[in-house]
Every structure is written in C-alpha cells, then in structure tokens.
Amino acid sequence: VIDFLRNNRANVSATLWGHGGVGKTACIQNVCQQLFCEREPTFSYIVFITAKDRVYNPASGKIVSNSSKYVRKYSEIIETIIQTVFPDLSFNFDSEELAIAEEYIQKYSGKLLIVIDDYETFLDSEKQKIVDFIKSLDINHHKVVITTRNIRLAIGTEIPTSELDENATSQFLEGIVEEKCPELL
C-alpha cells in the first residue's frame, strides 16, 4: 500500500480488497498512521472516510455503534474532504454548489490522500458518482484508497488481502499477548 502511495504513477486509486475481518481497515489505518508520523510528510492531508456504522472496540472486545461520523452518500464524502482541507469554506452539499466543492478538491495543489473505507456499502448510484469523481483527480496531487469486500468493485490498482494461515495467526496472537500482557509469558 505504501509503495502504491509513494511510487505508483499509473493510477490515482487503489482498492484494498478481501473477505470481511481480514484487516483491510486496520491495514489502511496503520498506513495512514505511518504516513502521518513521517518527518517529511508524503501528504499534506489524509482524509479517512468510513461507511462503517459499527466498529470493534479493542478494550471491550465487542462490536459497538460507530460514534464517529460515518458516510452513506457521495456528497458526504465531498463535504468531509472540504471540511478537512478547506475548513473556512461553506457549501450547500445537496445543491449545485456541490460542483464548486468538487472543483476545489480537483484543483488542490498540495498532496491529498483520500481513504474510503467499506465502499461496498454505498448504493450503486453513489458508487458511480465516487468513481466519476476519482477519475477527475490529478495523479500529481491526489491518491485514493478504497477498502471493500467485493473484488468486482475494484478501482485502479488492486491490492488483495487474505486471511492469515495457522502459523501467521499464532504469531499475530502471540505478538498481541507479548505487547499487551507480557506478565502472562
């Protein structure tokens, strides 16, 4: 994923896809964290947009309602990007002003990473608007990563994820125990 974001000059977008629960969201969150913590940032802004209405709470081990804002419509994606990159601008995102907001994003001259998580949950009509918008972005200034369970929804470069085998699962769990509960070892 990081190689795509830093070095791929062929596509604005990549799709991180795989079955549910394999860590697509965790992977891209980790990538965003790494990029955010760089001494010399690759991106001026990283905008993480999720359509998930539920999230995993690692402290309780339970699935809980997403208390953060989650999106369901294309206009909400544009609104989230505008609020992040251009916080002083105000638009009516359910009107003809949406096109003006899109243009601000398209003409942005910094480096912008947009992550759209849980893409498969958008209505087909909203997906088409998202695809059309992604196609309008400038590879010199924009990168988009979407996560989805459905390979048929892939846009741009495909980055597959897969379930861990028995050994990898064991190593993963042992690493968590070592980090979180070293007294048990």
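For clarity, every value in this text was computed on a predicted model and none was experimentally measured. (Residues numbered from 1 in each chain as written. Predicted model: local features only at pLDDT ≥ 70, side-chain atom pairs only at ≥ 80, totals over all residues. Heavy atoms only, no water.)

A look at the overall build of the chain
Right, so step 1: For the chain, the count of helices and strands is six helices and seven strands.
Right, so step 2: If you list the helices and strands of the chain from N to C, you get α-β-α-β-β-β-α-α-β-α-β-β-α.
Right, so step 3: Relative to the globule expectation of 16 Å for 185 residues, the C-alpha radius of gyration of the chain, 18 Å, shows essentially globular dimensions.
Right, so step 4: Every one of the 185 residues in the chain was classed for burial, and the buried ones make up 37%.
Right, so step 5: Pairs at least 24 apart in sequence give 67% of the contacts found in the chain among residues at least 6 apart.
Right, so step 6: Within the structure as shown, the chain displays about 11100 Å² of accessible surface, and the carbon and sulfur contribution to it stands at 50%.
Right, so step 7: Distance between charge centroids for the chain: 2 Å, based on 19 positive and 27 negative side chains. (Helix = DSSP H or I, 4+ residues; strand = E, 2+ residues; numbered from the N terminus. Rg over C-alpha atoms; globule rule 2.2 N^0.38 Å. Buried < 20%, exposed > 50% of the residue type's maximum accessible area, 1.4 Å probe, protein only. Contact = heavy atoms within 4.5 Å. Areas by Shrake-Rupley, 256 points an atom, 1.4 Å probe, with all protein chains shown as cover. Lys, Arg positive; Asp, Glu negative; His and termini not counted. Charge placed at Lys NZ, Arg CZ, Asp CG, Glu CD.)

With respect to the nonpolar core
Right, so step 1: Among the nonpolar cores identified, the biggest contains 33 residues, and Ile 78, Ile 81, Ile 116 and Tyr 119 are the most heavily contacted of them.
Right, so step 2: Going through the elements one at a time, strand 2 (45-50), helix 3 (74-85), helix 4 (97-106), strand 5 (112-117), helix 5 (124-135) and strand 6 (142-148) are the ones with two or more residues in this core.
Right, so step 3: Ranked by residue count, the leading element in this core is helix 3, at six residues.
Right, so step 4: When near neighbours in sequence (up to four residues on either side) are disregarded, Ile 81 contacts Val 47, Ile 49, Phe 86, Ile 105, Leu 112 and Ile 114.
Right, so step 5: If you look at the next biggest cluster of nonpolar residues, it comprises 14 residues, including Leu 16, Leu 35, Phe 43 and Val 145. (Core = buried A, V, L, I, M, F, W, Y, C linked by side-chain atoms within 4.5 Å.)

Overview of helix 2 (residues 24-36)
Right, so step 1: For helix 2, which comprises 13 residues, the first-to-last C-alpha distance of 18 Å matches the rise-based estimate of 18 Å (1.5 Å per residue) to within 8%.
Right, so step 2: Along helix 2, the positions that sit buried rather than exposed are Lys 24, Thr 25, Ile 28, Val 31, Cys 32 and Leu 35. End-on, the buried residues of helix 2 take up no more than an arc of 125°, which puts them together on one face. (Expected span 1.5 Å × (residues − 1). Arc of directions from axis to C-beta.)

Some words on the packing of aromatic side chains
Right, so step 1: A complete count under the given rule lists seven aromatic pairs for this structure.
Right, so step 2: One aromatic cluster in this structure is built from Tyr 45, Phe 86, Phe 91, Phe 93, Tyr 104 and Tyr 108.
Right, so step 3: Above the plane of the ring of Phe 4 lies Lys 143, whose end atom (NZ or CZ) is 4.1 Å from the centre. (Phe/Tyr/Trp six-rings, centres within 6.5 Å; stacked < 30°, edge-to-face > 60°. Lys NZ or Arg CZ within 6 Å of the ring centre and 35° of its normal.)

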